[in-house]
Structure formats: C-alpha cells, structure tokens
There are 2 protein chains.
Amino acid sequence: MAGWQQYLEQNRERRQAELMALLSIPSVSTEPAHAGDVRAAVEWAANRLKVAGLEHVGVHETGGHPVAYADWLHAPGKPTILFYGHVDVQPTDPLDLWASPPFEPRIVGDLVYARGACDMKASQIAAIAALESLLKTDGKLPVNVKLIVEAEEEIGSPNLKPFVTKNRDLLACDLVVSADGGQRSETEPSIAVGFRGVAGMEISVTTSSTDLHSGGFGGVAPNANQVLAELIVSLRTHGGRVLVDGFYDDVRVLNEADRAAIAAGALSEEEMRSRAGVEQLVGDPNFTPAERTAARPTLDVNGMWGGYQGPGGKTVIPRQAHAKITCRLVPNQEPGKIGNLVEAHLRRHLPPGVTLEVKYRGVGSKPYLMPADHPGNKALADVLRTLYAKPPVYSRSGGTIPIAADFREALGAWMITLGFALPGEGAHAPNEHHDLRAFHRGPTAYVRLLERLAQERPALLRAEEAVPVAR
Amino acid sequence: MAGWQQYLEQNRERRQAELMALLSIPSVSTEPAHAGDVRAAVEWAANRLKVAGLEHVGVHETGGHPVAYADWLHAPGKPTILFYGHVDVQPTDPLDLWASPPFEPRIVGDLVYARGACDMKASQIAAIAALESLLKTDGKLPVNVKLIVEAEEEIGSPNLKPFVTKNRDLLACDLVVSADGGQRSETEPSIAVGFRGVAGMEISVTTSSTDLHSGGFGGVAPNANQVLAELIVSLRTHGGRVLVDGFYDDVRVLNEADRAAIAAGALSEEEMRSRAGVEQLVGDPNFTPAERTAARPTLDVNGMWGGYQGPGGKTVIPRQAHAKITCRLVPNQEPGKIGNLVEAHLRRHLPPGVTLEVKYRGVGSKPYLMPADHPGNKALADVLRTLYAKPPVYSRSGGTIPIAADFREALGAWMITLGFALPGEGAHAPNEHHDLRAFHRGPTAYVRLLERLAQERPALLRAEEAVPVAR
C-alpha cells in the first residue's frame, strides 16, 4: 500500500468530520441573507487548502461571492492541472418536504443527508484530501496543480468568468479537472463530455393598479394570474416543445454517431421514470428520453406566484403575477439570443392593456461539448476502469457547469469532469444526500487521475486555440 | 331637531373612536391564527349592543366563529326587522402594498384607512348607533328589532345558515335589513336588488414524487407549474368566457326589462375602467360591462403558486402547484353543481400521470335577486331620496352576501340592503378606506328607515312563503 493510501485510510474519520462541518454551513448563493455563510464556506475551503500543504492560498474578491485559489507548481515539464469546484448550494425550499434540517447533516447507514451533500461539497473535500495525501507523504505532486473553489455555481457563475479572464496568467493551465460531476451509479462509472447551457429570467405581469374585489370587477377586469398562465402556456406544449419562434434555429442536428453515443450511455426509460418519481415521462417523441435530456433544449417554469396564497380563500382579482423561467441550452444556442427570443415572444403574446417586466438573472451560461476521445478523457477512463473494474459509459449531462465554456474561451483549456454524485441523490431537491462509500472512494480516484495525467504531454492536453465552444 | 338627532350629533367623536377601536381588531376570518381576534370583534359588537340598550344580548357559538344576537321587541303590531351585519374582514395581503398597517387605522382628511373600513365595520357601528340614539332619547324603537352580527361573511358564512335554520323562531322576522352594502357614490344613492353567488375551491396538481433538477430531468419530466397553467387556461378565455361544459346551462336569460334596469343603474365604461385601475376592460362583448358584473357568472383564479419563489433563481422542476379559484354565480346557478362541473372539467383535462386534489372551501353561496318594487325597497327609496336629495338607482351587485338566499329560504323574509361603502374604497384590496362623511350619515339613514318601515303592514313585507330564491 502506497504512503498516500495509508494516509487516506488513517484520516477517514477526520475527512468525514470535515464533510459534516462544511455541510453545516448554509452557503445558499442565491439568497442575499446567506452572503456571510457563502463567504464562510469559501474561507473554510481556503483554510483546508492551507492545511493540505498547498501554496499561495488566498481568498480573492470578485463582484459577488469570493473565490479561493491555491497552487503547487514544482513539477517542471509536467502538465498543469486546474482543479475546479464550488462550495455554494441551491436553496432548500420546499423546506417542509425535508425529513431533517438541510444544514444539520445526518448520517443514515451509508448515506449522509444535507443540502450540498452530492452537489458538491463531498467531491470538493475529496479532491483536497487527495492532494494532501500526496503532499503529506511524498512531499510532492506528480503534476503542477492549481485549484479554484468558487461560490456562484448555483447562480450561473456570473462573476467567475470576469475573474478568470482577468487572471488568465494566474490560472493558465493545460487541462481543467472539474470535481463537480457524478457517476452513473455506485457500480457503473461514467464520463460527462458535455453540459447543457442555461438562459433564465423572471417575469412579472401587471393588469391593474390595485388588487380588485372579484365581485365588483369579476367579468370586466383582467386577471394577472390568468394572463401569466396564458403566457406560460404560449411558451411550450405540455410535452415540452418550445413554441418560441427561432428557439431551435441554432440547435446542432444530432447525427447518427451522436445518437449512438448518447444511446450507449443512456439509462433505460424505466430507470429514468423511476429516478424522476413520475408516472409517465413527457417529451418530444422524435427523440429518445436520453437524447432529450442530453442534447435537446428545454424551457421550464421553475416558480410562479400571484394573488392570495394564505389559508382559506380571498375573493380577489390579483393585479400582478410572477414567474421564474429557465431554458437548458445545447450547442450551438447562445443564452443571450435565447433570452431575447423568449422576451420577444412574451411581448408579442401580451394582451393589450397589460404590462410585462422582464428581469434577467445574470447573462446565462453557454452549452459545452468536448471530444470523448480527448487524452484527458482517456486518462479518466483508465482511472475509472481500474476503480470500478468496469469501463465507463460516456454521456452528455443535462445539467450545466456555467464556467466550462468560459474556461475554454479564456484559458484555451478543455475541462474534464470527475465527481461522485449519483442521479438519485436529490441534487437541487429536498432530502439531498450522498453515498459515503463514493465520498471515501473520491480521494483515491483523484490521486490516480493526477498520476495518470503526469504521463501526458502538456501540449496534447491543451486545446489548440482559444475558440468559442461547440461551433 | 329630534332628540335622536341631537344625540347622534353629541356622540359624533365617541362614534368615530369606536370605529377606530373596531378597525384595530385584526378579525380575518379565513386565517386560523386570527380566530381569537375574530371572537374579540364579535364580543366587542355584543358589548356595544348592550351599551346601546338592546336586550337579550348574547354571543352564540356555532361550528365556527361565533355570532352576536340582540333584540328589542316592544312594538306590538309593528313589523319585526332583522338587522344583519358582519365584523370579520378579508386578509390583508399583499401587505407590502399598504401605505400604512391595515389594523392601525389612520385618518387622512375625510378618509379612514384600515382593513374593514368600508367592508363593513363602519356601517355595522352606524346601525347600532342608530338604535342607541332612539333608545336613549325616545326610550323605544318604532318597530321590533332583532340584530345579528356574524363573523364568517368573508368566508361564505358556512356556519350561519345552520345557525339560522336552527334558530328559526328566535330570528323570525318580516324583513331583513343588511347593513353590508354601498352607495353608487358620495352623492348618488343606490339600491342593490341582487347579489351574485359564489362557488370556490383550491386545487393542487402533483407531477412527481419530489422536486427535480431541471438539468437532469428537463425534457422528460412533467412540470407541475406548466400543468397548472394549462388547466387554468382550459377553464376560461382571457376575456372571461368560462369553458366548463354546462357552466352557463342554468343562467337565467336577461330579458329587455332586466337589461334596461341594469343599464339605468350602470356606471359608464370609463368610470368602471378608472375605478378598476385597468387600461382596458375585458369580457364578453355580447353583454355590457354593467351586465357582466351584475348578471353574468365569472371564474377567477384568486391565487396560484408553485416551485421556487425566493430571491434569484432555482433550477427546479416543481412537483406540485396550487390554485385558489372562485366563480361568481347568477340566478339560477347552484354553487354545488358548478363546483362539480369545474372539478369534472379539471379531471377531464388532466394529463396522464398527473394527480389532482380538489379541496372545497365550504359549500358556496347562492345568488340572490329580489323585486325592485318590494315595499321594503320602496321604503328604502324614500329614505335615500330624502337623504341625498336625489332618487336612488337600482343595481344588481356583482358581490355576494352569502346568507341572503338562506334568509329567504329559512325565514321566509326578503333582505333589503342599506350600507355606505363606495366602489373606489378598496374593499378586499390594499389601502381599503371609507369616507367618514358617509359613516356619520349612516345612523340617520337607519333611524329614518325604521321610522318609514313602521308604516308598513308586516304581512306585506314578508315573503309569501319560504321558497328557493330566483327560480
């Protein structure tokens, strides 16, 4: 057993205690009230990096939540790897559906329950533990390593792109390794070669200057809830086909090779249904369920509200109603363009006399797609094959890593992904949890990936040039 | 000046202080947390009735909020008048739109701002003050008077109908006078000869067993917000035409006389638009705006909500969404039947794999319509003509007095209405207020109505028989 392996074994309990500590910080990046907690999580990570033996550890300010940076750059001639991860989490509501408080982590058997457990505090700690195990035993790493821990992933990393662009030299690297990802299951490894992008907005419709008595004005006054429902229904079909003019114009057509690759990595329809907890899947019948989540764009109303929501009733005609809407995007859709198309559609469908306010939540995130046979992915495949005694499947994730396309544009580096979340672990949902067996497997995987990447020539890992992704 | 007039003049300030006191009680009948406040308001009314010199004053329990009762029955051979009013109020949200706290009444010029100011705490106090002014000066009333003050009007009086039925002898009368009503404007009197009924429900749709990550499942999972929007849009057109099969089947067709009567009492379209604070009225072009609020049924979504409503965004596909819906009904629609039709429509339009829960909020309220030339209305017209130096217009109110039809069925008595709310005073809306000039005119109006009704023969006031209303 190598020294780093013994070290990891000896520090198992400490690592788990650290996970519990980080999970206890309510670092909800979208909620202004939690700004202090988000900073505390970043500072927690910076301290942990110092303890691990990394150098130049610092907390860097941005226009929003801060970023932790550290490095170890004493492997001349070897590739430079930029580790990426985040310590912010999604909001916890609906809170009443949680079996225990989301920021009081609770272990039940092999599972730890808390917001951020699988997305992605566990993998963040595992990656740091891997570096520590090498530095504390060998005194060195097999490659040069830089590391950033951000805290705006869950809100689209609006301040990370400017930070990366501004610090191009500091962050220069041959390959990015994101710890924000998952495996197909506890026994089946997988490699994500793409992520969907996101465009989002909040809309408000106003129909009158005040809420109205439904007796006095029912029959003559427009109803903001009704108008909002009409707009929502105008945007897409029940099955999810988006009805916005031009929405699909830039979507890259799937060829046979794309479809075969997606099919190879696909969950069965039955498994997808069961993981979603739905009776029936919906969606465009021209595409398989796997194609629909991997390579087709969507539009979902994440939240909507208007009028009286308290106990009992209130016979009111509400003056205003609101919705939060996000689209998942695929190559080659542009978030800015999609946002404009959706807004134009809404304005075109607005009834006379009704006003619409559109608030953009940040600029959105581009989709990302990289070659499955990139040397970085080949290295990853070797590591996963050893670890799981099974070759990985390749998949295009339906989710979004907002910064992925930006790394490619700003640093000219591809991003590969090694993380351990599992599809049924409730990311973004109540009762999020994570398998502690996967958590403890993590550090070994990261060490082996670094060792394997040390065999690669830096120039081969680098993207040839800084170009827009997925054109 | 009669003794009672002097008494009213002398007690002007006290009366206004009493109004402020009653307005300070947050008697929101729909909110369980305010049950104690609702009881306090009923007890306040009972105490006030005792002070006024009424007899048999008591607070009677029901299955819900209590009812105050009092009487004075020493005018043999004269009609027995049952005064009706309520001291509960609508909820206050959206609270942020109030310029001052809704239960801290504030006087600005001639206006008092508070929840319940126009609907209907002011008229309730005015009616009691009228009785007091006669009892404290003449020592008697010109007619026999019974009085009930309830506290469930704003939730459809679900427990008052059983109370009335059970206490038929106690409440036996020749005519009901409701203090819950309004005038056309501060200078134009009006008589309401009808009220719409109400049928209401709360619905919840459930699309999956948990909220889902819109990345992982966007494209295959149904979205509860989307389903709810689809159901809402299926129920009615933007203009308000209800699309539920059978909804209009029992609606009594308006004849030329009906239309002429409604037109005579109608606000101008411009005035209605301005009072509603909308840029454009909506509605069925086959009916005038006045006909649409007076004599046509409606369906409005009073509230809806689903998914994430906090700051920023959350990329979630919500598992559940909710709506509160009410219909205003006209003769001869039945609330129970309409509720069933709406529920059947929703179930028919529910996509496969989605579940629907329908919660009824009480049994609803029947519409009410009485003859404009009933002797009670003639008496009312005489009083109003004297008071405003102008003949009243007759109108069918778009609002609902839940108990009106029940009085007719249980007691065989018609209900006439004398109240002082004005259309622009924000009943059920933020910044509800009331004109203090109208408040102080109230007691005089009630005294004169009692004096005028003393000239009527009881048998002529009574409805011939206890029959369903508006068949």
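Residues numbered from 1 in each chain as written. Chains lettered and ligands numbered in written order. Predicted model: local features only at pLDDT ≥ 70, side-chain atom pairs only at ≥ 80, totals over all residues.

Caption draft 1: Main features of the overall build of chain A. Each helix and strand in chain A was counted, giving 16 helices and 18 strands. Relative to the 2.2 N^0.38 estimate, which gives 23 Å for 471 residues, the radius of gyration of chain A is 23 Å and therefore close to what a compact globule would have. In terms of principal-axis extent, the alpha carbons of chain A reach across some 80 × 45 × 45 Å. Counting only residues that meet the buried cut, chain A has 58% of its 471 residues in that class. The contacts in chain A between residues at least 6 apart in sequence include a share of 80% that link residues at least 24 apart. (Helix = DSSP H or I, 4+ residues; strand = E, 2+ residues; numbered from the N terminus. Rg over C-alpha atoms; globule rule 2.2 N^0.38 Å. Buried ≥ 20, exposed ≤ 12 C-beta atoms within 10 Å, placed from the backbone. Contact = placed C-beta atoms within 7 Å.)

Caption draft 2: A look at the sheet that holds strand β7 (residues 175-178) of chain A. Residues and elements named next belong to chain A. One open sheet accounts for six strands, arranged β1-β2-β6-β3-β7-β17; its pairing is mixed. What marks the edges here is a single partner per strand, and that holds for β1 (55-60) and β17 (415-417). For this sheet the average axis-to-axis angle between neighbouring strands, irrespective of direction, equals 20 degrees. When strand β2 (residues 67-72) meets strand β6 (residues 144-150), the two strands line up antiparallel, connected through five bridges. Bridge pairing in β6 links A68 to V149. (Pairing = 2+ DSSP bridges. Axes fitted to C-alpha atoms, helices over the stretch in contact; angles between N-to-C directions.)

Caption draft 3: Molecular detail of the interface of chain A and chain B. With 85 residues of chain A in contact, the opposing surface of chain B contributes 85 residues. Looking at chain direction, strand β11 (residues 298-307) of chain A and strand β11 (residues 298-307) of chain B are connected through five bridges and run antiparallel. Counted as the bridge partner of G306 of chain A is M304 of chain B from β11 of chain B.

Caption draft 4: Local environment of the domain arrangement of chain A. All names here are of chain A. When cut into domains, chain A gives domain 1 (3-195 + 367-461) and domain 2 (197-268 + 295-360). Placing the centre of domain 1 and that of domain 2 at their C-alpha centroids yields a distance of 33 Å. Contacts between domain 1 and domain 2 engage eleven residues on the former and twelve residues on the latter. In terms of residues, the side of domain 1 that touches domain 2 owes the most to one element, strand β16 (residues 393-397), which gives four residues. A breakdown of the residues in the side of domain 1 that touches domain 2 according to their chemical character gives five nonpolar, five polar and one charged. (Domains from an automatic or database assignment. Nonpolar A, V, L, I, M, F, W, Y, C, P; charged D, E, K, R; others polar.)

Caption draft 5: Quick look at the pairing of strand β3 (residues 80-86) of chain B. Residues and elements named next belong to chain B. By the criterion of burial, β3 is predominantly enclosed, with seven of the seven residues buried. By the alternation rule, side chains of β3 split into T80, L82, Y84 and H86 and I81, F83 and G85, which are all buried. Both β3 and strand β6 (residues 144-150) contribute to a ladder of seven bridges, which runs parallel. When the sheet's bridge partners are listed, I81 is paired in β6 with V145. In this sheet, strand β7 (residues 175-178) lies alongside β3 in parallel orientation, the contact comprising four bridges. Paired with F83 across the strands is V177, a residue of β7.

Caption draft 6: Layout of the sheet that holds strand β18 (residues 433-435) of chain B. Residues and elements named next belong to chain B. Taken together, the three strands give an open sheet; going across it, the order is β4-β5-β18, and neighbouring strands pair in antiparallel fashion. Of all strands in the sheet, those bounded by a partner on one side alone are β4 (106-108) and β18. Here the strands of the sheet are splayed against their neighbours by 25 degrees on average, with no regard to which way each runs. Pairing geometry for β4 and strand β5 (residues 111-113), over three bridges, is antiparallel. Paired with V108 across the two strands is L111, which belongs to β5. Helix-sheet contacts for helix α4 (residues 117-137) involve β5 and β18, and the interaxial angle to β18 is about 50 degrees. Where helix α15 (residues 436-453) meets the sheet, its contacts fall on β5 and β18, and the angle it forms with β18 comes to roughly 60 degrees.

Caption draft 7: Up close: the packing of helix α13 (residues 375-388) of chain B against α15 of chain B. Residues and elements named next belong to chain B. At a minimum axis distance of 9 Å, the contact between α13 and α15 shows a crossing angle of 140 degrees. With respect to α15, the axis of α13 lies oblique. Handedness of the crossing formed by α13 with α15: right-handed. On α15, the residues that touch A379, L380, D382, V383, T386 and L387 of α13 are R441, A445, R448, L449, R452 and L453. (Parallel < 35°, antiparallel > 145°, perpendicular 65-115°, else oblique. Left-handed = near helix turned anticlockwise from the far one by under 90°.)

Caption draft 8: Broad picture of the relation of the copies chain A and chain B. Overlay of chain A on chain B (RMSD 0.1 Å): rotation 180 degrees, translation along the axis 0.1 Å. Given the turn and translation reported, the copies of this chain are related as if by a two-fold rotation axis. Of the residues that chain A buries at the interface, 100% are likewise interface residues in chain B, meaning the two copies contact each other through the same surface. (Least-squares fit on C-alpha atoms with pLDDT ≥ 70 in both.)

Caption draft 9: Structural context of the environment of V393 of chain A. Residue and element names in this part refer to chain A. With respect to the helices, strands and loops of the structure, V393 is situated in strand β16. As for V393 and D138, which are separated by 255 residues in sequence, their C-alpha atoms are 33 Å apart. When sequence neighbours within four positions are dropped, the list of residues in contact with V393 reads R184, E188, S190, A264 and G265.

Caption draft 10: Fine view of the nonpolar core. Core analysis: the largest hydrophobic core is formed by 105 residues, its most contacted members being V42, A68, I81, L175, V176, A413 and L449 of chain A. Not counting residues up to four positions away in its chain, the partners in contact with V176 of chain A are L82, Y84, F407, A413, W414 and M415 of chain A. With 103 residues, the next largest nonpolar core counts Y69, A127, A276 and F420 of chain B among its residues. (Core = buried A, V, L, I, M, F, W, Y, C linked by C-beta atoms within 7 Å.)

Caption draft 11: Quick look at unusual backbone geometry. Here the bond from D119 of chain A into M120 of chain A is cis, since omega is -10 degrees, no more than 30 degrees from zero. Checked against the element boundaries, M120 of chain A lands in helix α4 (residues 117-137). One non-glycine residue, A389 of chain B, lies in positive phi territory at about 55 degrees. Structurally, A389 of chain B is set in the loop between α13 and β16 (393-397). Positive phi values are uncommon outside glycine, yet H428 of chain B reaches one of about 70 degrees. Along the chain, the position of H428 of chain B falls in the loop between β17 (415-417) and β18. You can call H428 of chain B buried: it has 26 C-beta atoms within 10 Å.

Caption draft 12: Inspection of helix α8 (residues 224-235) of chain A at higher detail. Here α8 of chain A is twelve residues long and its end C-alpha atoms lie 17 Å apart, about the 16 Å a rise of 1.5 Å per residue gives. With ten of twelve residues buried, α8 of chain A lies mostly within the body of the structure. Every buried residue of α8 of chain A is accounted for by A224, N225, Q226, V227, L228, A229, E230, L231, I232 and L235 of chain A. Contact partners of the buried residues in α8 of chain A: β9 (197-206), β11, β13 (320-329) and α12 (335-349) of chain A together with α8 (224-235) and β11 of chain B. (Expected span 1.5 Å × (residues − 1).)

Caption draft 13: Focus on the confidence of the model for chain A. Residues and elements named next belong to chain A. The predicted model of chain A averages 94 in pLDDT, with 98% of residues at 70 or higher. Considering only residues more than four positions removed or in separate chains, one finds that residues 465-471, a stretch of pLDDT under 50, has 16 contacts. In the predicted assembly, ipTM is 0.88 and pTM is 0.89. (pLDDT = per-residue confidence, 0-100.)

Caption draft 14: Quick peek at the packing of α8 of chain A against α8 of chain B. Contact geometry of α8 of chain A with α8 of chain B gives a least axis separation of 8 Å together with a crossing angle of 115 degrees. Crossing handedness for the pair α8 of chain A and α8 of chain B: left-handed. Taken together, the residues of α8 of chain B that come into contact with α8 of chain A (itself represented by Q226, A229, E230, I232 and V233 of chain A) are Q226, A229, E230, I232 and V233 of chain B. Per-class residue counts for the contact of α8 of chain A with α8 of chain B are six nonpolar, two polar and two charged.

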